[in-house]
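Per-entry structural report
As a plain string of letters, each chain reads:
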Amino acid sequence: MARALTTNFNVFWQLVKRDAYVLSFQLKSKLVDGAAIVALQVLVFGHLLPLAGMAPNLIAPTFIGTIIQLCITLGYGLSLRLLFDVEYNRFISYRLTLPLNKQWLFGVYIVNFMIEQLVTTIPLFSLGIIALGSSFVTVHTSPLLFVVVYFLSLFFMASLFLSFSLMYSFRWFFDNLWPRRLTPLLLFGGSFFPWKKVFAFSPTVGVLFLANPFTYVAEGLRATLIGGPDFLPIFVSIPMLLVGITVSWLLFSRGVSKRLDPV
Amino acid sequence: MLRTMHIFCVFLWRDFTLGWKSKNSYLINYILIYPMLYAFTFLYLQSNIYFGAHQQAMGTAIFVGNILLALITLSNKYTNELMFDLEQNRFIDYQISLLPPRFVLLERITFAALCTFLMLMPYFPVAKLVFRDQFVTTNTSWIALEIMVFVGAFFCSSYNLLMSCILRTAQISQFWIRINQPLLILGGFWVPRYIIQQFSPLLGALTYLNPLMYVTEGLRQAAIGGNQFLPLWICLVMLLLFTCLCIITSFYFFKKRTDHI
């Protein structure tokens, strides 16, 4: 048992190191891409929309919501990589033959995706907040809880995007993933509007938003970074994120048996 | 010349026949899902939550500009086949042996523009049917609006075809993030041009170089009207000029990639 665990961990670690090494070569380019996105978000949500009449107290919550857009863009890139690999190169077939438990192997994909998201989003997120300056008003920041929510959010996104790349056919993915999955998740996920504002405007729509796990990502990040009574309580967001992770992990397992059929 | 026109039409017919196979999913996505999602979010939620209950005009102005994303993504779906083909099967080599290369490109642009326009023609009427009062159409010229959608589809198709001639598949993701996204956002996807001008006159002046801005300004002029948006005729003329520029440039890059005589 202990020997199997050690073998699994050693192979797992080597694969994580290998992917991190590959990432180190792409990091500069990914940071430039992320910086382009964040600069535009700061311009739109920090300056242009307030000029169009958006209330200044919405600047900070909507900017935090835009981190989801950044994560979705990065996540889409990750699913594309796996999708192309499954369809053409089948490097994953080689990985499936390694002396590594399948759960550990898919753990490698999750961990690497989380590392990639983390090193790309944190510096840009911080730069965005600095760029917004006094427009980014906080009430009570909870750094420790932020780390927990951020970790869970990245874990959720990683399993969700990996499941997308295995659940659907190559053609369906290209034609329909954005209109039928990502756009509804983004638009009805509290990324653009704090949930309580939506609920105050239309309780029915507010309840609909609660069915979307992205709402808990956005609200969890807002509650821990900005704080105050304007967002969903953190003790609601964290358990709901755990539910989201479980569901997406189940979808991922289904996708694995459907597309890869490992023994 | 007659033979050329015949082959041009045959190629166009071939593309329509192939495109017909994926019509169902595109019809659902672009006639139902996108207009409903965007209208609900930007006409209904955003205009009420961001701007207050009596600011439907601003909600309408933003929603009208949002069609830009559908225009550019859909025309890209119809034109990016060339990019993959240039790197893999080279079916294009067979086509240019039958039809002059410039006509092959013109045929692809015509096909992409027509399909994009047909798919997006019901975009605003569907939104109006569902979100009646939220979509302010008291000053709307529906014919001008559809003309702008057509000219926008024509421009986006020629722009995307040019990019298919220039780019490699490995560069797609970077190109969308570094080029298309700034063009979209500074092209009036989120806010009209006069807001950008108000924020920074320099940035406002730079938007005149962005062809996508003429699409959104023309659409807003047709939908809402008023002197805060650019006149329709300027938008049409500028878009036709940018379209010609894209077509001529794509001839040059296509020649480089295919090395035809």
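Residues numbered from 1 in each chain as written. Chains lettered and ligands numbered in written order. Predicted model: local features only at pLDDT ≥ 70, side-chain atom pairs only at ≥ 80, totals over all residues.

1. Some details on the overall build of chain A
When you go through chain A residue by residue, the secondary structure sums to 10 helices and zero strands. Going residue by residue from the N terminus, the α and β elements of chain A occur as α-α-α-α-α-α-α-α-α-α. Against the globule reference of 18 Å for 263 residues, chain A gives a C-alpha radius of gyration of 19 Å, in line with a compact fold. Along the first, second and third principal axes, the C-alpha atoms of chain A reach 55 × 40 × 40 Å. By the burial criterion, 42% of the 263 residues in chain A qualify as buried. (Helix = DSSP H or I, 4+ residues; strand = E, 2+ residues; numbered from the N terminus. Rg over C-alpha atoms; globule rule 2.2 N^0.38 Å. Buried ≥ 20, exposed ≤ 12 C-beta atoms within 10 Å, placed from the backbone.)

2. Describing the overall build of chain B
Looking only at helices and strands, one finds 14 helices and zero strands in chain B. Starting at the N terminus and walking to the C terminus, you meet the elements of chain B as α-α-α-α-α-α-α-α-α-α-α-α-α-α. Computed over its C-alpha atoms, the radius of gyration of chain B comes to 19 Å, within 12% of the 18 Å expected for a compact globule of 261 residues. Taking the principal axes of the C-alpha coordinates as reference, chain B spans close to 60 × 40 × 35 Å.

3. Some thoughts on helix α10 (residues 234-259) of chain A
All names here are of chain A. With 26 residues, α10 should cover 38 Å at 1.5 Å per step; its first-to-last C-alpha distance of 37 Å lies within 8% of that length. Listed in full, the buried residues belonging to α10 are Ile234, Ser237, Met240, Leu241, Gly244, Ile245, Ser248, Trp249, Phe252 and Val256. Here the buried face of α10 lies against α4 (102-132), α5 (143-167) and α9 (213-225). Following α10 by one or two positions, aspartate 261 has its phi on the positive side, about 50 degrees. (Expected span 1.5 Å × (residues − 1). Contact = placed C-beta atoms within 7 Å.)

4. Focus: the nonpolar core
Grouped together as the largest cluster of nonpolar side chains are 154 residues, with contacts concentrated most on Leu48(A), Leu49(A), Ala39(B), Leu71(B) and Leu120(B). With sequence-adjacent residues up to four places away left out, Ala39(B) is seen in contact with Tyr44(B), Phe63(B), Ala127(B), Val130(B), Phe131(B) and Phe135(B). (Core = buried A, V, L, I, M, F, W, Y, C linked by C-beta atoms within 7 Å.)

5. Observations regarding the environment of Pro56(A)
Residues and elements named next belong to chain A. Its place among the elements puts proline 56 in the loop between α1 (2-52) and α2 (59-89). Proline 56 sits in the exposed class, given 11 other C-beta atoms within 10 Å. Sequence separation between proline 56 and glycine 46 is 10 residues; the distance between their C-alpha atoms is 8.5 Å. The residues contacting proline 56, other than those within four sequence positions of it, are Pro50 and Ser135.

6. Some words on unusual backbone geometry
The backbone of Arg90(B) sits at a positive phi, close to 60 degrees, despite the residue not being glycine. Given 12 C-beta atoms within 10 Å, Arg90(B) falls into the exposed group.

7. Some words on the confidence of the model for chain B
Residue and element names in this part refer to chain B. Per-residue confidence for chain B gives a mean pLDDT of 92, with 99% of residues at or over 70. Within chain B, the lowest mean pLDDT, 86, falls on helix α5 (residues 81-87), and the highest, 97, falls on helix α13 (residues 211-223). Of the two predicted TM-score estimates for the complex, the pTM is 0.90 and the ipTM is 0.88. (pLDDT = per-residue confidence, 0-100.)

8. Some remarks on the interface of chain A and chain B
As a measure of interface size, the accessible area lost when the parts come together is often cited. In this assembly, 27 residues from chain A lie in contact with 28 residues from chain B. Only α1, α2, α6 (170-187) and α7 (195-201) of chain A provide two or more residues apiece to the side of chain A that touches chain B. Considering every element that reaches the side of chain A that touches chain B, the biggest residue donor is α1(A), with 10 residues.

9. Quick word on the packing of α1(A) against α2(A)
Residues and elements named next belong to chain A. In the contact formed by α1 and α2, the axes pass within 10 Å of each other and the chain directions differ by 150 degrees. Comparing their axes, α2 and α1 come out roughly antiparallel. The hand of the α1/α2 crossing is right-handed. Here α1 contributes Gly34, Ile37, Gln41, Phe45, Gly46 and Pro50 to the contact with α2, which in turn contributes Ile59, Thr62, Phe63, Thr66, Leu70 and Thr73. Classifying every residue of the contact of α1 with α2 by side-chain character gives six nonpolar, six polar and no charged. (Axes fitted to C-alpha atoms, helices over the stretch in contact; angles between N-to-C directions. Parallel < 35°, antiparallel > 145°, perpendicular 65-115°, else oblique. Left-handed = near helix turned anticlockwise from the far one by under 90°. Nonpolar A, V, L, I, M, F, W, Y, C, P; charged D, E, K, R; others polar.)

10. Here's the deal with the packing of α2(A) against α4(A)
Residues and elements named next belong to chain A. Contact geometry of α2 with α4 gives a least axis separation of 10 Å together with a crossing angle of 150 degrees. Relative to α4, the element α2 is oriented roughly antiparallel. In this structure, α2 meets α4 at a crossing whose hand is right-handed. Contacts between α2 and α4 involve Ile59, Phe63, Ile67, Leu70, Cys71, Leu74 and Leu78 on the former and, on the latter, Phe113, Glu116, Gln117, Thr120, Thr121, Phe125, Gly128 and Leu132.

11. Brief notes about the environment of Val151(B)
Residues and elements named next belong to chain B. Within the fold, valine 151 resides in helix α9 (residues 142-166). Considering only alpha carbons, one finds valine 151 and tyrosine 194, 43 residues apart in sequence, at a separation of 22 Å. Contact partners of valine 151, with chain neighbours within four places excluded, come to Leu236 and Leu239.

12. Let's talk about the environment of Ile72(B)
All names here are of chain B. Within the element layout of this structure, isoleucine 72 appears in helix α4 (residues 67-79). On the basis of neighbour count, isoleucine 72 is assigned to the buried category, with 25 C-beta atoms found within 10 Å. Isoleucine 72 sits 31 residues away from phenylalanine 103 along the chain, and the two C-alpha atoms are 22 Å apart. Setting aside chain neighbours within four positions, we find isoleucine 72 in contact with Cys156, Asn180 and Leu184.

13. What about α1(A)?
All names here are of chain A. With 51 residues, α1 extends just 62 Å between its outermost C-alpha atoms, more than 12% less than the 75 Å of an ideal straight helix rising 1.5 Å per residue. The sharpest bend along α1 comes to roughly 55 degrees, located at glutamine 26. One or two steps after α1, the chain reaches glycine 53, where phi turns positive at roughly 125 degrees. (Bend = angle between axes of the 7 residues up to and from the residue.)

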